[in-house]
Amino acid sequence: MIALTWTYGQLLRGAADMVRRVLLVQLLILAPCFWLLELSQNVAFRWMNGDWGWVYPESPHHWFSIVSLGLWSGAVVALWALNTYWFRPARMARWQRVLWASALCWLGQWLGGFLAAEVFHHPLQVWPGTRLVYVSFSALFFWAANALLYLAVVRDPGPASEPVAVPVTRAERPAGA
């Protein structure tokens, strides 16, 4: 019985530590940064092409929505999960992480837009003039920028990290050291 209580306590402590690190740091800082990056990407798209790249049909502003901040929280959680449970254990190179994260988040954006519009009848965002309606192939470049930013901000030594130095005991030291 004592062992079960100790294990449960360790589980709660680990979960609380993860919540503190992931939710408080990454969600409260990175999600708004990604949202602002999305706004700047949409403005840049308009400067280059003359019209908004994506619009929010139910938003009074039409070119941005506060609701998408919640979606960016989901994107941060997805990037964290990919990095923690797939990329790091596989010791994947950074360029491969960016490619996979970009492709999977792009697919997640399309799936989220499809479910919101077709299942819940409240479209999140629409890309006018594209066949995919809820995302464009040009969004892959935006997702690559987001994945690069995430990998730059999050502390991760990557696959080419140096090995951890093993402490040397006094008996193992050479004479005179």
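Let us look at the structure shown here. (Residues numbered from 1 in each chain as written. Predicted model: local features only at pLDDT ≥ 70, side-chain atom pairs only at ≥ 80, totals over all residues. Heavy atoms only, no water.)

## Some words on the overall build of the protein
Each helix and strand counted, the protein has four helices and zero strands in total. Its helices and strands taken in sequence order, the protein reads α-α-α-α from the N to the C terminus. By the burial criterion, 31% of the 177 residues in the protein qualify as buried. Of the contacts formed within the protein by residues at least 6 apart in sequence, a portion of 67% connects residues at least 24 apart. (Helix = DSSP H or I, 4+ residues; strand = E, 2+ residues; numbered from the N terminus. Buried < 20%, exposed > 50% of the residue type's maximum accessible area, 1.4 Å probe, protein only. Contact = heavy atoms within 4.5 Å.)

## Considerations on helix H4 (residues 139–153)
Counted at 1.5 Å a residue, the expected span for H4 with its 15 residues is 21 Å, and the 21 Å between its end C-alpha atoms agrees. Taken as a whole, H4 has its buried residues at Ala139, Phe142, Trp143, Asn146, Ala147, Tyr150 and Leu151. (Expected span 1.5 Å × (residues − 1).)

## With respect to the side chain of glutamate 38
Inspection of the secondary structure assignment puts glutamate 38 in helix H1 (residues 2–49). Nearest to the buried, unbridged glutamate 38 among oppositely charged side chains is arginine 46, at 15 Å. Residues within four places of glutamate 38 in sequence aside, it is in contact with Trp54, Tyr56, Ser68, Trp72 and Gln125. (Lys, Arg positive; Asp, Glu negative; His and termini not counted. Salt bridge = Lys/Arg side-chain N within 4 Å of Asp/Glu carboxyl O.)

## Here we look at helix H2 (residues 68–87)
In an α-helix, one turn spans 3.6 residues; hence positions three or four apart end up facing the same way. Every buried residue of H2 is listed here: Ser68, Trp72, Ala75, Val76, Leu79, Trp80, Leu82, Asn83 and Phe87. The arc that holds every buried residue of H2, seen down its axis, measures 160°, which confines them to one face. (Arc of directions from axis to C-beta.)

## Comments concerning the packing of helix H3 (residues 94–119) against H4
Packed helices, taken two at a time, are described by the angle their axes make and the gap between the axes. Relative orientation of the contacting elements H3 and H4 amounts to 125°, with a least axis distance of 8 Å. Considering the angle they form, H3 stands oblique to H4. Between H3 and H4 the crossing geometry is right-handed. Here Arg94, Arg97, Val98, Ala101, Ser102, Ala103, Cys105, Trp106 and Gln109 of H3 lie close against H4, whose contacting residues are Ala139, Leu140, Trp143, Ala144, Ala147, Leu148 and Leu151. (Axes fitted to C-alpha atoms, helices over the stretch in contact; angles between N-to-C directions. Parallel < 35°, antiparallel > 145°, perpendicular 65-115°, else oblique. Left-handed = near helix turned anticlockwise from the far one by under 90°.)

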